[in-house]
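# Descriptive analysis of the structure
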Amino acid sequence: MRRVLRFLGRLLLVLVGLVVIAGVGGWFWLRGTTLPPHNGRLALKGLSAPVELEREASGVLHIRAQSDTDAFFALGVGHAEDRLWQMEFQRRVGAGRLSEVLGRATLEQDKFLRTWGFYRAAQQAYTSLDPQTKAAVDAYVAGINAYLATNPPLPLEFKLLGFKPAPWTPADVLVWAKMMAYELSGNWRTELERRAWAAQGMSPERMNQLRPPYPSDAPTVIQADDYTPPAAPPQPPQTPPASTSSSPDGRSARALLELASRLPPLFRLPGEMKPRASNNWVISGSKTITGKPLLANDPHLGLSAPSIWYLVDMQAPGYKAIGASFPGLPAVVIGRNERIGWGVTTVGADVQDLYVMDDVGNGYRYQGRIEPWRVRTEVIKVKGEPDVTLKVRESRYGPVINDVVKNPGAAPLSLRWTALDPTDGTMQAFLGIARAQNWDQFKTALASYNAPSQNFVYADVDGNIGYMAPGRFPIRKPGDDGMNPMPGNGDWDWQGYLPQKDWPQVYNPKEGFIVTANNKVPPPNYPYLISLEWEEPYRAERIRQMILAKDRLSLADMESMQADFTTLLFRDFKPVLQALNPVSSQAQTWKARLLAWDGVARADSQEPSVFEAWYTELSRLPAKEVGQEFWEEPRYLLAAMKNGDPNCAVTDTTQTCLEYAALALEKALDRLGPNIPRWGDLHPATFLHQVLTHTPLARLSDRYVPYGGDRYTVNRAAYDPATFRMNVGSSYREILDFSNLENSLFIHPMGQSGNLLSSQYANLLPLWARVEYLPMRMKDFPVQQRQVLEPLR
């Protein structure tokens, strides 16, 4: 990306200079050409009847249409008015077409994306949609294109890069759903990692020390007494044969692992090896002050400018929903209608497998015969340069991913992934759940769901609560635990997918509430393999603590829970701190201060700065062994501090792990300097524009706000350990009150508009930073702007 940033920097310096030379008149010309009107009447081809678009002062959009297709058409218009550049950028990402406008600097990203075939999968998915879903997608696309046909003022980014958006197609819509599935799936990285480790001679036991399995005493989403296993459970997977983890040579394995670290930065959550994250919980009326359920959700994603989400209320005869939508997709993804509500977090299901292929030139061995490679040709246009032709090999499993890094010494690794299946009903499911009126209809809607698998929590006005994890869960043969690449000879093929009746689910659980925070989903008596990789249980444990602390909970309690900065990471590492013998007086002083600290990582305090800096230094422990500067595995670090570890003696053969930890505290204090900063100043929530950051316009596009918390607090605030800047957090928050759904609340960071000069570009950021909310109303809302879309006759 450095090359493209340098190019953009030079370009923007010239353009900004021209604006300055033009003076005030040039500024107002720039402003006037980048902001679309939100008032008045707009005639558009494709509508069947007038549609009202009403916006609150906050920017929340309310759509009132006389048919469902007109409502989706209007959503396309509303999204395009406020987020056209973001939508353009996203579809180019999914299609692997960034180099057309950004040049050679993004060529490797485009090659990666073309190799995986996201856009081809989106094109296939469209053909498999049911008629109702296809009509919604078509109407949404028609709305975007009708808006573009009016020759509207284009956002600044189009002007700076010198191109205009082409008409949209259905695949442009569906490809972003594929990209989100990629963002929230990561097992293939684990398989590459373990393959590289095996090539270096690492034992499986050591791998499990470095990446510890989920604790047996940690909370699961579904409790054992809420699940009845089948009469004849399947045979559980056994330890895979050692040969399946082997690698042709260490250099090839390391090159493949390098591929995992070179994922396009547009999708990698910075500093995150495990991108999945989020909280949601639902509480039955038996535990609330109103006697009706409360539901809360805050998905954690990479922070960006503009926001990932867009708040919308859509009302038509057959579709009434309010909540968070994705610009570029025709649905309320998280939210409620007039009877039910739902929230989502990532399951972390293992739905990706790498297969080691026996390459025989023009084909590969499969079940004793030679099958030819399927080869597709991808032509990538590069701005200012000749086209680049890419040959992509595919097996019956999927694309060969090591071709991306041009590493002919490695055996081909072919990717099997549910999101690349030729059929995909995920969009159908999201449209269906918004129409559901009860639990049975909700389950029926989710039956078509593919990927990414999500923890759906549910509640309704009748007082019911529920949970389901939908998706295509592969059935693997005994001996395949999904953690290592397996031979692609036909012996280890998937045996199908779990039927919906066997998906993890619970309805009105005995405990009276359900909590998900990317922790382990199934109870110990669940017989199927969903995944062996789960997030640390800290957030789930803390949410349960807060729910169980009161007999009855209120809407205000839900707000406090979403704002909670208590770090259980500190609780676990406090005994290590207690055992240290620091050398310097400064370290001794800070040891005492930390031991007296309450473990709440407030933005305005210094203690979290020292603790997080110390923990970051501890995380360097296995750097030489694993090839990463920082290692985000707290249970490995804790075990090392308690029981010892070979890495502690790397520089001094007699050094103990506690001595290493004492030295880490000294290094942390040196890193922070003599004047320890407050945590919020050291750790601002950072919102960077996709292409304008690090250019002269970054002061317009980027935002930084002081923030507390850490990766493991309920109010999640993950950060880049190299800079401490927060880069992952709550991308959206909602609280649903089923005693009166009009009391519900929602918010997202930044603002509704993606136009840099709009007053709604970052107007919601202060509210989000203070964990305050907007009313989530479908009626009696204040209207600041009113626009009527009319059919063009």
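Residues numbered from 1 in each chain as written. Predicted model: local features only at pLDDT ≥ 70, side-chain atom pairs only at ≥ 80, totals over all residues. Heavy atoms only, no water.

## Thoughts on the overall build of the protein chain
In terms of helices and strands, the protein chain carries 24 helices and 28 strands. Sorting the 793 residues of the protein chain into buried and exposed places 64% on the buried side. The long-range share in the protein chain, meaning contacts at least 24 apart out of those at least 6 apart in sequence, stands at 73%. Total accessible area on the protein chain is roughly 28800 Å²; 53% of this is exposed by carbon and sulfur atoms. (Helix = DSSP H or I, 4+ residues; strand = E, 2+ residues; numbered from the N terminus. Buried < 20%, exposed > 50% of the residue type's maximum accessible area, 1.4 Å probe, protein only. Contact = heavy atoms within 4.5 Å. Areas by Shrake-Rupley, 256 points an atom, 1.4 Å probe, with all protein chains shown as cover.)

## A word on the pattern of salt bridges
Evaluation of the coordinates by the stated rule reveals 53 salt bridges. Across the pair Lys-178 and Asp-424 runs a salt bridge whose closest N-O atoms are separated by 2.7 Å. Here Lys-178, found in helix 8 (residues 170-183), pairs with Asp-424, found in the loop between strand 15 (413-417) and helix 12 (426-435); they are 246 residues apart in sequence, far enough to count as distant. Classification of Asp-424 as buried rests on a relative accessible area of 10%. In this structure, Glu-535 engages Arg-539 in a salt bridge whose closest nitrogen and oxygen atoms are separated by 3.8 Å. Here the two residues Glu-535 and Arg-539 agree in accessibility, since each one is buried. Because the salt bridges share partners, they merge into one network encompassing Glu-88, Arg-91, Arg-92, Arg-97, Glu-100 and Asp-172. (Salt bridge = Lys/Arg side-chain N within 4 Å of Asp/Glu carboxyl O.)

## What about the packing of helix 2 (residues 68-95) against helix 8?
Look at helix 2 against helix 8: their axes get within 9 Å of each other, and the N-to-C directions meet at 70°. In this view, helix 2 runs roughly perpendicular relative to helix 8, as classed from their interaxial angle. Seen from helix 2, the contacting residues are Gln-90, Arg-91, Val-93, Gly-94 and Ala-95; seen from helix 8, they are Asp-172, Val-175, Trp-176 and Met-179. Considered class by class, the residues forming the contact of helix 2 with helix 8 number five nonpolar, two polar and two charged. (Axes fitted to C-alpha atoms, helices over the stretch in contact; angles between N-to-C directions. Parallel < 35°, antiparallel > 145°, perpendicular 65-115°, else oblique. Nonpolar A, V, L, I, M, F, W, Y, C, P; charged D, E, K, R; others polar.)

## Structural notes on the pairing of strand 13 (residues 374-382)
Of the pairings in the sheet, the one linking strand 13 to strand 14 (residues 385-394) comprises eight bridges and is antiparallel in character. Bridge pairing links Val-379 to Thr-389 in strand 14. Taking the residues between adjacent antiparallel strands as the criterion, strand 13 and strand 14 are bridged by two residues, where Gly-384 takes a positive phi near 80°. (Pairing = 2+ DSSP bridges.)

## Things to note about the packing of helix 16 (residues 568-578) against helix 18 (residues 607-618)
Contact geometry for helix 16 and helix 18: axes closest at 12 Å, N-to-C directions at 75°. By the angle class used here, helix 16 and helix 18 are roughly perpendicular. Here Leu-569, Phe-570, Phe-573, Val-576 and Leu-577 of helix 16 come into contact with helix 18, specifically with Phe-611, Trp-614, Tyr-615 and Leu-618. Residues of the contact of helix 16 with helix 18, tallied by class, amount to nine nonpolar, no polar and no charged.

## Things to note about the sheet that holds strand 15
With respect to topology, three strands assemble into an open sheet ordered 15-10-18, the strand pairing being mixed. At either end of the open sheet lies a strand with only one pairing partner, and these are strand 15 and strand 18 (486-487). In this structure, strand 10 (residues 352-356) lies alongside strand 15, joined through five bridges in antiparallel fashion. Pairing of Gln-352 across the sheet is with Trp-417, part of strand 15.

## A short note on the state of the cysteines
For the structure shown, the criterion picks out one disulfide. At a sulfur-sulfur separation of 1.9 Å, the disulfide partner of Cys-648 is Cys-657. Across the disulfide from Cys-648 to Cys-657, rotation about the S-S bond amounts to roughly 100°, and the bridge is consequently right-handed. The class of Cys-657 is buried, set by a relative accessible area of 5%. (Disulfide = S-S within 2.5 Å.)

## Quick look at the pairing of strand 3 (residues 61-64)
Relative to strand 3, strand 2 (residues 51-55) is paired through four bridges, and the arrangement is antiparallel. When the sheet's bridge partners are listed, Glu-54 is paired in strand 3 with His-62. In this structure, strand 3 lies alongside strand 6 (residues 310-316), joined through four bridges in parallel fashion. Note on strand 6: the bridge partner recorded for Ile-63 is Met-314.

## Topic: the sheet that holds strand 8 (residues 332-336)
Strand order in the open sheet formed by eleven strands is 1-28-2-3-6-7-8-9-16-17-19, and the pairing between neighbours is mixed. Each having just a single partner strand, strand 1 (40-44) and strand 19 (505-507) make up the two edges of the open sheet. Taken pair by pair, the neighbouring strands of this sheet meet at an average axis angle of 25°, ignoring direction. Strands in contact with helix 2 are strand 1, strand 2, strand 3, strand 6, strand 7 (319-325) and strand 28 (785-791); relative to strand 6, the strand with the most contacts, it is inclined by about 160°. Lying on the sheet, helix 12 is in contact with strand 7, strand 8, strand 9 (340-346) and strand 16 (454-460); it crosses strand 7 at an angle near 120°.

## Quick word on the confidence of the model for the protein chain
Chain-level statistics for the protein chain give a pLDDT mean of 90 and a share of 89% at 70 or above. Taken element by element, the protein chain is modelled with least confidence in helix 11 (residues 250-261), mean pLDDT 36, and with most confidence in strand 25 (residues 733-737), mean pLDDT 99. Under a pLDDT of 50 for its full length, residues 236-275 has, in the predicted model, 101 contacts with residues more than four places off or in other chains. Below pLDDT 50 for its whole length, residues 405-409 participates in eight contacts with residues either more than four positions away or in separate chains. (pLDDT = per-residue confidence, 0-100.)

## Regarding the environment of Asn-643
Examined against the element boundaries, Asn-643 turns out to sit in helix 20 (residues 634-643). Residue Asn-643 is classed as exposed on the basis of its relative accessible area of 67%. Sequence separation between Asn-643 and Thr-656 is 13 residues; the distance between their C-alpha atoms is 9.8 Å.

## A word on helix 9 (residues 187-199)
Think of an α-helix as turning once every 3.6 residues; residues three or four places apart then point the same way. Over its 13 residues, helix 9 extends 19 Å from the first C-alpha to the last, a length consistent with the 18 Å expected when each residue adds 1.5 Å. Counting buried positions along helix 9 gives eleven out of 13 residues, so the element sits mostly inside the fold. Taken residue by residue, helix 9 has Asn-187, Trp-188, Arg-189, Thr-190, Glu-191, Leu-192, Glu-193, Arg-194, Arg-195, Ala-196 and Trp-197 as its buried positions. Two residues or fewer after helix 9 comes Gly-201, characterised by a positive phi angle close to 90°. (Expected span 1.5 Å × (residues − 1).)

## Remarks on the packing of aromatic side chains
Where two aromatic rings form a pair, the distance of their centres and the angle of their planes describe that pair. Scanning the entire structure with this criterion turns up 45 aromatic pairs. Judged by centre distance (5.6 Å) and plane angle (80°), the rings of Trp-116 and Trp-417 are edge-to-face. Separated by 301 residues along the polypeptide, Trp-116 in helix 4 (residues 107-116) and Trp-417 in strand 15 bring together distant segments of the chain. Here Trp-417 falls in the buried class, since its relative accessible area comes to 1%. Joined through ring pairs, the aromatic side chains of Phe-430, Trp-439, Phe-442, Tyr-449, Phe-456, Tyr-458 and Tyr-507 make up one cluster. One residue, Arg-393, lies across the ring of Trp-373, its end atom 4.8 Å from the ring centre. We note Arg-396 situated over the ring of Tyr-366; from NZ or CZ to the ring centre the distance is 4.0 Å. (Phe/Tyr/Trp six-rings, centres within 6.5 Å; stacked < 30°, edge-to-face > 60°. Lys NZ or Arg CZ within 6 Å of the ring centre and 35° of its normal.)

## Some thoughts on the environment of Val-141
By secondary structure assignment, the location of Val-141 is in helix 6 (residues 131-149). Val-141 gets classed as buried once you look at its relative accessible area, which sits at 6%. Residues Val-141 and Gly-328 lie 187 residues apart in sequence; the distance between their C-alpha atoms is 9.0 Å. Sequence-distant contacts of Val-141, defined by excluding residues within four places in its chain, comprise Trp-168, Thr-169, Pro-170 and Val-173.

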